[in-house]
Structures are given as C-alpha cells and as structure tokens.
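Here is what each chain is made of, one letter per residue.
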Amino acid sequence: MVMRPVMDLVNMLVICILVVIGSGHCMYSSKELEGYPAGFMADCPGSDKEAIITKNTLKNLSMTVVSTSNPMKEIRRKYNYYQMKELAKDPLLDFNKRTVLYIGGFLDSPNFPIPGRVAKVYNSIGYNVLLLDTSYFTTYEYPRASRLARPVGVHGAKMLFELKKQGLDPKKLDVVGLSLGVHTASFIAKNFRLITGVNISRITALDPSGPCFRNLGPEDRIDKSDADFVEMIATNIDGYGMAAPVGHVNYYVNGGEFQPGELVWFLCMTLCSHIRSYMVWLSALQHPNSFIAMQCDSVQQARFKKCRERKPLVTNLMGLKVDKKNEGIFYLATSAAYPYYLSERGLKQNSDLFKSLAASFNKEKLVKVR
C-alpha cells in the first residue's frame, strides 16, 4: 500500500509533467512574477500644478469650535478665515489644554456624521476641538480637489499661525486627517513650519488617500517629517489608501488591504474599509490599552499577516499611549465589529478572522460527503 504523502507527490509530478508537455514549465504562485497591486488611480497628471485661492474665496475656509460637554446640547461656533482672532477668544477654548484640529476628506464637511463623532470622542478625553471646513475646495472632481489641497494647506497654516499668536501652543496641537484630509494636514504642517520654524506636535493619518498621491515624493504628500510625531492607520492600501509607511509608526490593520465586514464572509469593501480607519482610531482613544500591534519587517509581511514569525516579538499600542520611540511597521488584528480591539488575543496565530473561520470548517483530517 502506497502512503498518502507519496501518492500526493506522485500526483503533483504527473500534473507537472502534463503542464511541461503542454506549456514548457510548471507554474507556482510567485509574487516576484505576479507583482503587487498598483493601487487605484495612483497617478493624476497635473494635480501638483499651482493653484491659487482668491482673497474673496478664502472666507469659505473656516474652523468650527465644538463642545459636547453638555450631553443635551452640542455647541458649535463657526469662524471664517479672517476671524481667527475672534475664534481664539471663544469661551469654549482653553489653550492650556491640548487641541485637536480635524480635517475631513473628499466631499466631507463638519456638518456630516464623521466629524461630529470625532469631536465627541476628543471632547470626552479633554481636548479642545476644531473642525476645519474644506468642503468648498473638495467638492470638485477628485483630481482637482487633490490639487486644491495644496493652497488650502498654505492658508490653513496661516490660520494656525494667527491662533499661535493668540496663545495656541503648536506643541499641544494634534492634527487628525482622514483620506484626502491627511495630505491637507501635511501641507498645513509643511507651511506652518516655513512660517514659524516650528513643527506641530502630532499628525494622525487615517488611511491617507492613495489616488493622486501614491507615487509622489515626501514634499507632495504626508511624511513623517511633517510633525514631531506622525502615525498612520492603514485600512485600504490598494484602494483609496496608500501602502507606503509614511509615518514614524504605521499600523496595517488586518494587513491594511481590506477589513472584515460585520456579517460573516462579507468583506468591508473599498469605501467601507477606507473609513474603518477613523472608527478603529476613535475606539483606540476610548480603549487606550487594548489595541496591541506587532512589529513587522516590511509592509508585505504585514499584508501576509506573518509578523508573528518575527523574533523577538515587538509590540506597540495604537492610540495616545503609543511608544513614539518604537518606530516602524506594525500589524494590528481586529474583530469585525465595534469596539474592534482584541487586546493580547490579537497577537495569537489564530486571531485573523477569515483564516480562523476558514480553518474552523476544515479542522477535520477527513471530510466525507454522503
């Protein structure tokens, strides 16, 4: 009787012989041959050309101060580009505390749900909250909106400079951007440094947009040189996000490509995976010890979820308790539903949702179909 492993080898050799006869070689899957995803709309020719915002139009660039301290009534007050001195005197602001400036993405507005949720969570942990309204300049075809992020960044930096003169400490400033808003944050930070010679404290890059930016250099997109500390939360690197580890600490959530959906076997597809970044981040703010990521040697290792094989195992927390000195690429496993964190379970081999689910259906040594 021929043992099964021998039979399997014989069968494989027979298949290979047939393939060789038919085409001249036996084909195995190889990333070197197959390549890697180019990413959606990686290049937008002309998007880095000059763009100017006129003085009259600048009044459409504004900041909104938000307070959710009263659970019965959210307070919002909006100030346009020319009203930064008035904004600095708003009684909702206390520049002795840390301040977060949130910048939304393509077609986003402070009146939409995401900025409201961001404001509520940051208020709850003691931050001043400012929402930058760029909607007038992002409600265009996307390649044009990506071009306008550059002059918005120039004037956004001037708004922050005026606030600095009124008491805002850039070392107590966190800028959080989502998608296209990440690159807007980058241009604000770059121009603020040109004006003042000072870096802002922190940029949180929530799945920075890859379309139109993926193949550009650090001077034309988010980069870790833009702030004292830059962190990237990647959730859709081959769709609306980007794969490059542009921060000091870079988290590739569930490998960074696609996120598990709320229903078994249904992926959270491109847009859903893209915006999952902000949901995971807000949960990390509320559960500061629960999002434990493991260091990887490469983005590809994170994609393949093979960072557990790296020795020694090095971990970091995602959120405000991150070890900023522990830089690099990190894989972060999550569950499919809020609050997403797995704590130390995420470091175990069977923490990947789809792999463990698939394995549960094939754990028997033999399956008989009757």
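Since the structure is predicted, the reported quantities are computational estimates derived from the model, not experimental observations.

Student: Sorry, what's going on with the overall build of the protein here?
Tutor: On a plain count of helices and strands, the protein comes out with 10 helices and 13 strands. Expressed as lengths along the three principal axes of its C-alpha atoms, the size of the protein is roughly 90 × 45 × 40 Å. When contacts within the protein are restricted to residue pairs at least 6 apart in sequence, those whose partners lie at least 24 apart make up 73%. One way to put it: in the protein the 46 positive side-chain charges average out to a point 4 Å from where the 33 negative ones average out.

Student: Would you mind showing me how to read the sheet that holds strand β8 (residues 249-253) here?
Tutor: Note: strands within a sheet are paired through backbone hydrogen bonds, in either parallel or antiparallel orientation. Ordered in space as β2-β1-β4-β3-β5-β6-β7-β8-β13-β11-β12, the 11 strands form an open sheet in which the pairing is mixed. For this open sheet the edge positions go to β2 (75-80) and β12 (315-317), each flanked by a neighbour on one side alone. Adjacent strand axes in the sheet meet at a mean angle of 25 degrees when their direction is disregarded. Sheet topology places strand β6 (residues 200-206) next to strand β7 (residues 227-234); six bridges connect them, and they run parallel. In the sheet register, I200 faces β7, and the bridge partner there is A227. Taken strand by strand, helix α6 (residues 142-165) contacts β1 (62-67), β3 (99-103), β4 (128-133) and β5 (173-178), and its axis lies near 55 degrees from that of β1.

Student: Before we go on, may I ask you to explain the packing of aromatic side chains in this structure?
Tutor: The description of an aromatic ring pair rests on the distance of the ring centres and on the angle between the ring planes. For the structure shown, the criterion picks out eight aromatic pairs. With centroids separated by 5.2 Å and ring planes inclined at 90 degrees, the aromatic side chains of F106 and Y142 adopt a geometry described as edge-to-face. Of the two residues, F106 sits in the loop between β3 and α4 (113-124) while Y142 sits in helix α6, which places them 36 residues apart along the sequence. Consider the rings of F291 and Y341, whose centres lie 5.9 Å apart with planes at 70 degrees: the pair is edge-to-face. With a gap of 50 residues between them, F291 in the loop between α8 (270-286) and β11 (292-296) and Y341 in the loop between β13 (328-332) and α10 (353-361) connect regions that are remote in the sequence. Residue F291 is classed as buried on the basis of its relative accessible area, which comes to 1%. Look at Y341 and you get partly exposed, because its relative accessible area is 27%.

Student: When you look at α8 in this model, what are you seeing that I'm missing?
Tutor: Residue pairs three or four apart in sequence face the same way in an α-helix, which turns once every 3.6 residues. Compared with the 24 Å implied by 1.5 Å per residue over 17 residues, the 26 Å span of α8 between its first and last C-alpha is a close match. The sharpest bend along α8 measures roughly 30 degrees and falls at R276. When you tally the buried positions in α8, you get 12 out of 17 residues, the bulk of the element. Turning to α8, its buried residues are S273, H274, R276, S277, Y278, M279, V280, W281, L282, S283, A284 and L285.

Student: I'm lost on the packing of α4 against α8 in this one. Help?
Tutor: Each packed pair of helices is defined by two parameters, the angle between the axes and the distance between the axes. In the contact formed by α4 and α8, the axes pass within 10 Å of each other and the chain directions differ by 10 degrees. In terms of axis orientation, α4 runs roughly parallel to α8. In the packing of α4 onto α8, the handedness of the crossing is left-handed. Seen from α4, the contacting residues are I114, R117, V118, V121 and Y122; seen from α8, they are Y278, W281, L282, L285 and Q286. Residue composition of the contact of α4 with α8, grouped by class: eight nonpolar, one polar and one charged.

Student: Which parts of the structure should I look at to understand the environment of V246?
Tutor: Secondary-structure assignment places V246 in the loop between β7 and β8. Given the relative accessible area of 3%, V246 is considered buried. Each C-alpha atom, one on V246 and one on D223, is 5.0 Å from the other, the two residues being 23 residues apart in sequence. Residues within four places of V246 in sequence aside, it is in contact with R221, I222, D223, K224, V230 and M232.

Student: Explain the packing of α6 against helix α7 (residues 180-196) to me, please; I cannot follow it from the model alone.
Tutor: α7 packs onto α6 with a crossing angle of 40 degrees between their chain directions and a minimal axis gap of 7 Å. Taken together, α6 and α7 sit at an angle that is classed as oblique. Every pair of crossing elements has a handedness; the one defined by α6 and α7 is right-handed. Residue composition of the contact of α6 with α7, grouped by class: 13 nonpolar, six polar and three charged.

Student: When you look at the pattern of salt bridges in this model, what are you seeing that I'm missing?
Tutor: Any two side chains of opposite charge can pair, on the condition that their charged atoms come close. Applying the stated criterion across every chain, the model contains 12 salt bridges. When the shortest N-O distance is used, the salt bridge between R77 and D90 registers 2.8 Å. Of this pair, R77 sits in strand β2 while D90 sits in the loop between α3 (84-88) and β3, placing them 13 residues apart in sequence. The residue D297 makes a salt bridge to R310 at a minimum N-O spacing of 2.7 Å. Here D297 is found in the loop between β11 and α9 (299-303), whereas its partner R310 is found in the loop between α9 and β12, with 13 residues between them in sequence. Put simply, D238, E257 and R303 are held in one network by salt bridges that share partners.

Reading guide: rules and limits
Residues numbered from 1 in each chain as written. Predicted model: local features only at pLDDT ≥ 70, side-chain atom pairs only at ≥ 80, totals over all residues. Heavy atoms only, no water. Helix = DSSP H or I, 4+ residues; strand = E, 2+ residues; numbered from the N terminus. Contact = heavy atoms within 4.5 Å. Lys, Arg positive; Asp, Glu negative; His and termini not counted. Charge placed at Lys NZ, Arg CZ, Asp CG, Glu CD. Pairing = 2+ DSSP bridges. Axes fitted to C-alpha atoms, helices over the stretch in contact; angles between N-to-C directions. Phe/Tyr/Trp six-rings, centres within 6.5 Å; stacked < 30°, edge-to-face > 60°. Buried < 20%, exposed > 50% of the residue type's maximum accessible area, 1.4 Å probe, protein only. Expected span 1.5 Å × (residues − 1). Bend = angle between axes of the 7 residues up to and from the residue. Parallel < 35°, antiparallel > 145°, perpendicular 65-115°, else oblique. Left-handed = near helix turned anticlockwise from the far one by under 90°. Nonpolar A, V, L, I, M, F, W, Y, C, P; charged D, E, K, R; others polar. Salt bridge = Lys/Arg side-chain N within 4 Å of Asp/Glu carboxyl O.

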